[in-house]
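Given next are the chains, with one letter for each unit.
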Amino acid sequence: MTYFVETLNRHIIEQERRYPEATGAFTALLTDIALAGKIISYYVNKAGLVDILGKAGGMNIHGETQEKLDVFANRTMVRALVHGGQLCTLASEESEGIIPIPSDYPLGRYVCCFDPLDGSSNIEANVSIGTIFSIFRRITPDGKPGTEKDILQPGKKQVAAGYIIYGSSTMMVYSTGSGVYAFTLDPSYGEFVLSHENLTIPKKGKIYSINESYFDYWDEGVRNYVRWAKRAVPEDGRPLNSRYIGSLVADFHRNLLYGGVFLYPGDSKSPSRKQGKLRLLYEANPLAFIVEQAGGRASDGFTPILDIEPSDVHQTSPLIIGSEDDVRIAEEFIQGKRTT
Ligand code: P6P
């Protein structure tokens, strides 16, 4: 049955009806995330008008200057998520350790890892930025506070993942393991409305997306890939295009719709960048879940992202993600199986 308007809430309820054992907790959790997204969207879109721009002065745990919107987005996500009683703990890019549920709130059966505002260094340039989230079912006994054990699960255990991109429009893209759905926020009545059903990524694309300023610091395999990509003239005679926004959600979203591959490999610029810059739990894992649900592929160059067993909440991972054929070509170069 199609409704006069397919809102996110109605869609989640429809998805839940397919699972008789569903308790509604999942619906409530995704609805809470959507609420946080609407609030963050409102302030991101006002950012140029109110004193919410610029540095908040603080530093996050990675030593990155915190933008005011970063801090606001993190607080909004935490407040939206801890209250609902669906979670037993959370993890955020902006918080050192895992975030406990306040003792006066009920504990739930899920955990959520999130990056509240990825790409925030681009805020003042009005570049699209995003909130990225990953949801697992808890593995420790119900009724007690969650622990790191509930958070440090491999990406293949995710029960849902997605992102909210704040750009020319605000869109929530998510999957619960049965395809990828995108909803565009209609600000006139504050609802996310279905805009893309069963979204799939083209098997191959024309875009490679990588920050070439690190060229001298990459392994030879990555350099060989980029040398190839610059010269490649696929069967249709149309060479590849380099596109790099420097905002993960924006670069990923473009490739999801148009096809292509995004690479953030490790480099030797500093010891902390050997495993790349992007975070496994709340950046690579959720986007890998989405891209695989859309028919694409994601790896660290050798191992599928979703198979990586995490050992630290904030660990980084090299990320090669996008159209299946394009990712496989990049992997062949990175693994030394081809040099031209
Ligand atoms: P670089 C933004 O700061 C971010 O975390 C991602 O959104 C983006 O893909 C990456 O860093 C860009 O990093 O080193 O290319 O500036």
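Please read these numbers as outputs of a predicted model, since none were measured by experiment.

Engineer: Tell me about the site of the ligand, and name the residues and values.
Structural biologist: Taken together, the residues surrounding the ligand are Asp118, Gly119, Ser121, Asn211, Tyr214, Tyr244, Gly246, Ser247, Leu248, Phe262, Tyr264 and Lys277. Between the ligand and the protein, one listed contact pairs an oxygen atom with a side-chain N or O atom of Asp118 at 2.6 Å. Between Lys277 and the ligand, the recorded distance is 2.9 Å, taken from a side-chain N or O atom to an oxygen atom. In terms of residue class, the shell around the ligand is made up of five nonpolar, five polar and two charged. When residues of the shell around the ligand are assigned to domains, at least three map to each of domain 1 (8–196) and domain 2 (207–334).

Engineer: So what about the environment of Ile321? Which residues, and what values?
Structural biologist: Looking at where Ile321 falls in the secondary structure, it is placed in strand E15 (residues 319–322). Given a relative accessible area of 2%, Ile321 falls into the buried group. In sequence terms Ile321 and Ala288 are 33 residues apart; their C-alpha atoms lie 7.1 Å from each other.

Engineer: Before we move on, can you summarise the pairing of strand E13 (residues 261–264) with the specific residues and values?
Structural biologist: Side chains Val261 and Leu263 of E13 all project onto a buried face; the interleaved residues Phe262 and Tyr264 project onto the opposite face, where all are buried too. Relative to E13, strand E11 (residues 207–209) runs parallel, the two being bridged by two bridges. Counterpart to Tyr208 in the pairing with E13 is Val261. Pairing analysis gives four bridges linking E13 to E15, with the strands arranged antiparallel. When the bridges of E15 are listed, Phe262 appears paired with Ile321.

Engineer: Break down the state of the cysteines for me, with residues and values.
Structural biologist: Taken as a whole and assessed by the stated rule, the structure comprises zero disulfides. Here Cys88 stays unpaired: no disulfide links it, and the sulfur of Cys113, its closest cysteine neighbor, is 10 Å away. The class for Cys88 is buried, based on a relative accessible area of 1%. Unpaired in this structure, Cys113 has its nearest cysteine sulfur neighbour in Cys112, at a distance of 6.6 Å. Residue classification places Cys113 among the buried residues on the basis of a relative accessible area of 0%.

Rules used in this analysis
- Residues numbered from 1 in each chain as written.
- Predicted model: local features only at pLDDT ≥ 70, side-chain atom pairs only at ≥ 80, totals over all residues.
- Heavy atoms only, no water.
- Near = heavy atom within 4 Å.
- Polar contact = N/O pair within 3.5 Å; in protein donor to acceptor, adjacent residues only side chain to side chain.
- Nonpolar A, V, L, I, M, F, W, Y, C, P; charged D, E, K, R; others polar.
- Domains from an automatic or database assignment.
- Helix = DSSP H or I, 4+ residues; strand = E, 2+ residues; numbered from the N terminus.
- Buried < 20%, exposed > 50% of the residue type's maximum accessible area, 1.4 Å probe, protein only.
- Pairing = 2+ DSSP bridges.
- Disulfide = S-S within 2.5 Å.

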